[in-house]
Amino acid sequence: MKYKVIGAANVLGHAPDETFDADLSDAQEARLIARGSIEVVGEESSAAGGSSGFTFQTSGTAGATDDDNNNTGEEAGEGTYST
Amino acid sequence: MKFVLKDAFIEVDGTDLSNHASTVTIGQPADEVEVTGFGGEFREFAQGLKDGTITAAFFQDFAAGSVHSVLGPLHASGDTFTLKIRPTSAVVGTTNPQWDMTARLFDYSPLSGGVGEASTTDVSFRNADQSGIVESTS
């Protein structure tokens, strides 16, 4: 989860107005929010992990032909996609 | 080099209360268990169960995210929380070790002082799990 320090004191090494990613326990998150130290500003940033969306991979061998027309990437540059 | 306390770091349940603290003491007493047997002239003692107590004095502050908002609910709920103490606010290192303790707060005085004096609160954090006070240098 992404948090922002909104109180006057540093929280977990982060200064006021700083945002940070942390995996807090439910109890500690509730206490920090209740005392006015932090607020939730979003889900964990993408750099911190997780995957979603579309990937496209290319494979194949130069000069190969797709004899069975199944688009399984024998030909150079031919791609397969997954979501 | 002899060390003078000027910049101790005290984090209570994730909140840095260093600039409101004026004293801190880390105590790790162990029971003295007598194991004296016959045949000798002196008593012998073994180390028994250890205890972990960290005491601190804070200047009271009722602002959001400050002393009272941290200590009051911890005392009221009896929840365990993490204490982090360092000699200075610099990063943890061999010359700046950190002591961590999972703690509970059993007593809390939200208001104390005379007319014209700063209101202070002396707290005693007690060990709350089998890890005790753990020292780290990285």
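Predicted model, so just to flag it, every value in this text is computed and none were measured.

**Q** Break down a nonpolar patch on the surface for me, citing the residues and quoting the values.
**A** There is a patch of nonpolar side chains on the surface, built from Met1, Ile33 and Val40 of chain A and spanning about 210 Å² of accessible area. Following the sequence through the fold, Met1 of chain A ends up in the segment before strand 1 (2-5).

**Q** Any chance you could break down helix 1 (residues 26-34) of chain A for me, citing the residues and the numbers?
**A** By the burial criterion, the buried members of helix 1 of chain A are Gln28, Glu29, Arg31 and Leu32 of chain A. Angularly, the buried residues of helix 1 of chain A cover 165° about the axis, an arc narrow enough to put them on a single face. Of the exposed residues in helix 1 of chain A, the ones pointing more than 90 degrees away from its buried face are Asp26 and Ala34 of chain A. Here the buried face of helix 1 of chain A lies against strand 1 and strand 3 (38-42) of chain A together with strand 2 (15-16), helix 1 (67-77) and strand 7 (81-86) of chain B. Immediately downstream of helix 1 of chain A, the backbone of Gly36 of chain A shows phi near 80°, a positive value.

**Q** Give a description of helix 1 of chain B that names residues and reports values.
**A** Taken together, the buried positions of helix 1 of chain B are Val67, Ser69, Val70, Leu71, Gly72 and Leu74 of chain B. Trailing helix 1 of chain B by a residue or two, Gly78 of chain B shows a phi angle of about 75°, which is positive.

**Q** Any chance you could break down the pattern of salt bridges for me, citing the residues and the numbers?
**A** Under the definition given, this model contains 6 salt bridges over all chains. Arg43 of chain B serves as the salt-bridge partner of Glu34 of chain B, at 2.6 Å between the closest nitrogen and oxygen. A residue is classified by how much of its surface remains accessible, and Glu34 of chain B, at 39% relative accessible area, is partly exposed. As a salt-bridge pair, Asp51 of chain B and Arg126 of chain B come within 2.5 Å of each other at their nearest N and O atoms. Of the two residues, Asp51 of chain B is situated in the loop between strand 5 (45-50) and strand 6 (53-59) and Arg126 of chain B in strand 9 (residues 120-127); the sequence distance between them amounts to 75 residues. Residue Asp51 of chain B is classed as partly exposed on the basis of its relative accessible area of 31%. Overlapping salt bridges bring together Arg31 and Arg35 of chain A together with Asp13 and Asp79 of chain B as one network.

Reading the values: the criteria
Residues numbered from 1 in each chain as written. Chains lettered and ligands numbered in written order. Predicted model: local features only at pLDDT ≥ 70, side-chain atom pairs only at ≥ 80, totals over all residues. Heavy atoms only, no water. Patch = residues over 30% accessible without salt bridge, like charges linked within 9 Å, V, L, I, M, F, W, Y side chains within 5 Å. Areas by Shrake-Rupley, 256 points an atom, 1.4 Å probe, with all protein chains shown as cover. Salt bridge = Lys/Arg side-chain N within 4 Å of Asp/Glu carboxyl O. Helix = DSSP H or I, 4+ residues; strand = E, 2+ residues; numbered from the N terminus. Buried < 20%, exposed > 50% of the residue type's maximum accessible area, 1.4 Å probe, protein only. Arc of directions from axis to C-beta. Contact = heavy atoms within 4.5 Å.

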